[in-house]
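Residue-level structure breakdown
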Amino acid sequence: MISSIIFTIILLCGGYLFYKNASKIRRNVLLGKEIDRSDNSSERWKLMTLVAIGQSKMVVRPIAGIMHILLYAGFVIINIEVIEIVIDGIFGTHRVLSFMGGFYNFLIASFEWLALGVIVGCVVFFVRRNVIKLQRFMSKELDGWPRSDANYILITEVLLMSAFLIMNCTDHLLQTKGYDHYINAGSFPVSSLLNPIFNNMSTESLVMLERGCWWFHIIGIIAFLNYLPYSKHFHILLAFPAVYFSNLKPKGAFNNLTSVTNEVKLMLDPNATVPPPPETPLKFGAKDVMDLTWKQLMDAYTCTECGRCTSSCPANQTGKLLSPRKILMDTRDRLTEVGKNIDANGSFVDDGKSLLGNYITEEELWACNTCNACTEACPVNLDPLSVIMDLRQFLVMEKSSAPNALNAMFTNIENNGAPWQFSPADRLNWASED
Ligand code: HEM
Ligand code: SF4
Ligand code: SF4
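Residues numbered from 1 in each chain as written. Chains lettered and ligands numbered in written order. Predicted model: local features only at pLDDT ≥ 70, side-chain atom pairs only at ≥ 80, totals over all residues.

**Regarding the packing of helix α2 (residues 41-53) against helix α9 (residues 235-244)**
One way to put it is that α2 packs onto α9 with a least axis distance of 8 Å and a crossing angle of 140°. In terms of their interaxial angle, α2 and α9 are classed as oblique. Between α2 and α9 the crossing geometry is right-handed. Where α2 approaches α9, its residues Arg 44, Leu 47, Met 48, Val 51 and Ala 52 are matched on the opposing element by Ala 239, Phe 240, Val 243 and Tyr 244. Here the residues of the contact of α2 with α9 are counted per class, giving eight nonpolar, no polar and one charged. (Axes fitted to C-alpha atoms, helices over the stretch in contact; angles between N-to-C directions. Helix = DSSP H or I, 4+ residues; strand = E, 2+ residues; numbered from the N terminus. Parallel < 35°, antiparallel > 145°, perpendicular 65-115°, else oblique. Left-handed = near helix turned anticlockwise from the far one by under 90°. Contact = placed C-beta atoms within 7 Å. Nonpolar A, V, L, I, M, F, W, Y, C, P; charged D, E, K, R; others polar.)

Spelled out as structure tokens, the structure:
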């Protein structure tokens, strides 16, 4: 009875805390500007099924892809077990779903194989990061918290799955002893390999271990849930909507600014019908996170920090300062800072900082050649390039701040109607005979 009450309190507090922190992330994302991604729902569902559920872009790098599928499938399916744990916890029952008989045995056996898969996947990921030290995990933008975060997640998942297997093993041993309420239920193809370790333990120790692992497993899951909003691991929830709301336009198609298009239309034809300019003057591009769209902000929280974008980026490969992964990480860090500012003051109070300048430098932005290799490589269809372009647009259109080579080109376009330094009158000189 007491343990049921304690369990229910932990569950409710954990659920409430997660709801509160996830709501803050939602609020932060909605600080972004509106963008309509409600079109073409059938294509969006297809894309989400393929890329997020089907992991199609993950397997482009086969080792990471296959290991991730082990983690992903294992984690999602094993969590069905949590349903039983919650019912048992609240009502003080034990293996309440065992009435399903043979199907229950099949489920428990599958969970055990999947748990083994998760452990293997996590160990491989851990080794790639910490022993082989793959180059894409060594960049300096991962120094400090991001690197620790990745390791904490992998270690926690191994611990959670190990607790699950030890719980099953000790439960099985108690079942064979016919002890108390440990009814014969489940099939344990993986955890029974641990039998030699626990076989000689006294019944009391087995019960303590089984209960200990049961509590560790469920409290670990609740703690893990509450860790998600502070971690790149939030992608396990956001990857699905982030892919659904992907940019469906062909890569390389940039958005024309309606206000500029209208001005050009009027220049070409003063009688053209265009909507009147808005009362409040438009701001071009983005200086801070609030100037980006909600989808760009969602991308920032979804980024898994895998670095596939950066390792495909020609600017990065040729030693330039730019890393598209850092662009999204900076966006998330600044957004988190803005969120904390709102929490402290009720609404955002100018802190004299901005994404452009304090987090991302002009040198990084101008190193991008807009090739789209980053968006192509991203397994979650995120779009760091769009953030780069919006920050650049601010620099050019609001600050008139562009590299000299570009300024020369802008002047030529303005004066000569072409990027080159020749008068329009000389344009056909190339065709003259002499
Ligand atoms: C829902 C269950 C999911 C779980 C439990 C999960 C788990 C993980 C874990 C533990 C890692 C860390 C690997 C590392 O940092 O070394 C990871 C990385 C990653 N996840 Fe997920 N994930 C899930 C869903 C998804 C989905 C739906 C996508 C969308 C495609 C996705 C994309 C990624 C990517 C791109 C990485 C980086 C992989 C790399 O380093 O190459 N994940 N995931
Ligand atoms: S679009 Fe820019 S950031 Fe992306 S890969 Fe190309 S150069 Fe790098
Ligand atoms: S933007 Fe995509 S490819 Fe780049 S680090 Fe984030 S998840 Fe990986």
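**Remarks on the site of ligand 2**
Cys 313, Cys 368, Cys 371, Ala 373 and Cys 374 are the nearest of the 15 residues found near ligand 2. The set of elements that each furnish at least two residues to the shell around ligand 2 consists of α13 (314-317), α17 (373-377) and α18 (384-397). Across the shell around ligand 2, the residue classes tally to eleven nonpolar, four polar and no charged. (Near = placed C-beta within 6 Å.)

**Some details on the domain arrangement of the protein**
Here the protein is partitioned into domain 1 (2-30 + 61-244) and domain 2 (258-416). Taken residue by residue, the interface counts 19 residues in domain 1 and 21 residues in domain 2. Elements represented by at least two residues in the side of domain 1 that touches domain 2 include exactly α1 (2-29) and α9. With six residues, α9 is the largest single contributor of residues to the side of domain 1 that touches domain 2. Across the side of domain 1 that touches domain 2, the residue classes break down as twelve nonpolar, three polar and four charged. (Domains from an automatic or database assignment.)

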